[in-house]
Amino acid sequence: MVIIMIKSKQQILDAANSAAEKCRLISSCCNDECGLGDYSSLVRRDADGREIWTDALRRAVSEHNTVVIPPRDLPYYIDGQIVLSSLTRIVAHGATIIQTPDCKLLMLRNASAADGTHKPVSGRRDCGIFIEGGRWEESRTRRGGYGSSGMFDETRSFFGVSSLFYFSNLDCLSIIGATFAHTAGFAVQVGDVSDCVFEDISFDSCYADGLHINGDTKRCLCRNISGEVGDDLVALNAYDWQNSSVNFGKIEDVWCENLDLAESSPYKAMRLET
């Protein structure tokens, strides 16, 4: 006998709202704050004269649990990957953070991100990563094939990851008030996560999925998501192709509200794949 439990609309909304409240409470513990400018001595210039802030941001998030990236006229260029540990908050209202053209790695991920392609993820999990504000960009002009950018590492050891941000094996994630631009792969890819909030997010000339949510995801709020993407604005892919996921399994209690896809988007859809 197979028993199927159907939840009410209110039950799903309550679960999503509980995720938002949990993230709010845990983020309040990130009270050791610094400004990224405190680490400006680590800034270097590349051959084209760009200011590269990779080392500064890496050091800042390793030494403080809240890093404020202040607004300025010039962008902050990143030429490598930034790995975030539990209880990390980045506040970037008004700032533009751009990946250099030659960087093929994803920009932000969590330390305990795990590949669940062939078996369920187990062991230590991260808890509490919070991104507030910022314009996060790749230096791309069109969609890239899987593995051409947004890779987990140089060897593409997580075969199904192709994104600017990737988070998995993580509890309590929030991305609020952020803009993503010119992403060749997914803007944000997650899986094997619980208690997530994606709110007030916009996409500017992105070329694949906006939010790409894979399996083993529980209690997720997606609210006020808008902009131009080349594929799905929000994709809920419990079982996806292996070239676009490393997390497979159930997706439970996801609430999506106020999704506004730009008319200029070539593929007008939200995807639900089970």
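Just above sits the structure.
In this text the structure is predicted, and so the values were computed from the model without any measurement.

Draft legend 1. Structural detail: the nonpolar core. Ranked by internal contacts, the top residues of the largest apolar core, which has 50 residues, are W136, F165, I175, F180 and F198. Of all the elements, strand β14 (residues 186-204) adds the most residues to this core, at 8 residues. Apart from the residues lying within four places of it in its own chain, the contact partners of F180 are W136, L164, F165, I175, A187, V188, I201, S202, F203, D204 and C206. By size, the runner-up hydrophobic cluster in this structure holds 10 residues, among which are A16, C172, V197 and W255.

Draft legend 2. Highlighting the pairing of strand β15 (residues 211-214). Alternating positions in β15 separate into two faces, L211 and I213 on one and H212 and N214 on the other, with burial throughout. Two elements, β14 and β15, share 3 bridges in a ladder whose sense is parallel. Counterpart to V190 in the pairing with β15 is I213.

Draft legend 3. Molecular detail of the packing of aromatic side chains. Applying the stated criterion across every chain, the model contains 9 aromatic pairs. Seen in terms of ring centroids, F165 and F180 are 5.1 Å apart; in terms of plane orientation they differ by 85°. Their pairing is edge-to-face. Linking F165 in strand β12 (residues 163-176) with F180 in strand β13 (residues 179-181), this pair joins segments that are 15 residues apart in sequence. With respect to class, F165 is no different from F180; both count as buried. An aromatic cluster is defined as three or more aromatic residues linked by ring pairs; in this entry it consists of W136, F165, F167, F180 and F203. Here the guanidinium or amino end of R50 rests over the ring plane of Y77, the centre of that ring lying 5.6 Å away. Residue placement shows R72 over the ring face of Y76; its charged tip is 4.4 Å from the ring centre.

Draft legend 4. Main features of unusual backbone geometry. For R156, which is not glycine, the phi torsion reads 55° and is therefore positive. As for its position among the elements, R156 is in the loop between β11 (135-137) and β12. In this structure, D216 is a non-glycine residue whose phi angle is positive, near 60°. Mapped onto the elements of the fold, D216 is located in the loop between β15 and β16 (217-227). Judged by its relative accessible area of 24%, D216 is partly exposed.

Draft legend 5. Inspection of the pattern of salt bridges at higher detail. Tallied over the full model, the rule gives 22 salt bridges. Between E257 and R223 there is a salt bridge, with its nearest N and O atoms 3.7 Å apart. You can see E257 sitting in strand β18 (residues 251-261) and its partner R223 sitting in strand β16, a full 34 residues away along the chain. Here the residues in one salt-bridge network are R44, D55, R58 and D79, joined through shared partners.

Draft legend 6. Spotlight on the state of the cysteines. All told, the structure shown has 0 disulfides when counted by the stated rule. Of the cysteine sulfurs around C30, a residue in no disulfide, the closest is that of C29, at 6.9 Å. A residue is classified by how much of its surface remains accessible, and C30, at 6% relative accessible area, is buried. The cysteine C103 is free of any disulfide, with C206 supplying the nearest cysteine sulfur at 16 Å. Residue class for C103 comes out buried when judged on its relative accessible area of 5%.

Draft legend 7. Representation of helix α1 (residues 9-27) within the structure. For α1, with 19 residues, the first-to-last C-alpha span of 27 Å sits near the 27 Å given by 1.5 Å per residue. Taken residue by residue, α1 has L13, A15, A16, A19, C23, I26 and S27 as its buried positions. Around the axis of α1, the buried residues are gathered within 160° of arc, so they sit on the same side.

Draft legend 8. Region of the structure containing the pairing of β14. Along β14, 16 of the 19 residues are buried, which leaves the element largely enclosed by surrounding structure. For β12 and β14, the ladder comprises 11 bridges, and the chain directions are parallel. Residue pairing in the sheet places L173 in a bridge with C196 of β14. The sheet contact formed by β13 and β14 spans 3 bridges and is parallel. Bridge pairing in β14 places F180 opposite F203. Pairing between β14 and β16: 9 bridges, direction parallel. In the strand pairing of β16, F203 is matched with G227.

Conventions used here
Residues numbered from 1 in each chain as written. Predicted model: local features only at pLDDT ≥ 70, side-chain atom pairs only at ≥ 80, totals over all residues. Heavy atoms only, no water. Core = buried A, V, L, I, M, F, W, Y, C linked by side-chain atoms within 4.5 Å. Buried < 20%, exposed > 50% of the residue type's maximum accessible area, 1.4 Å probe, protein only. Helix = DSSP H or I, 4+ residues; strand = E, 2+ residues; numbered from the N terminus. Contact = heavy atoms within 4.5 Å. Pairing = 2+ DSSP bridges. Phe/Tyr/Trp six-rings, centres within 6.5 Å; stacked < 30°, edge-to-face > 60°. Lys NZ or Arg CZ within 6 Å of the ring centre and 35° of its normal. Salt bridge = Lys/Arg side-chain N within 4 Å of Asp/Glu carboxyl O. Disulfide = S-S within 2.5 Å. Expected span 1.5 Å × (residues − 1). Arc of directions from axis to C-beta.

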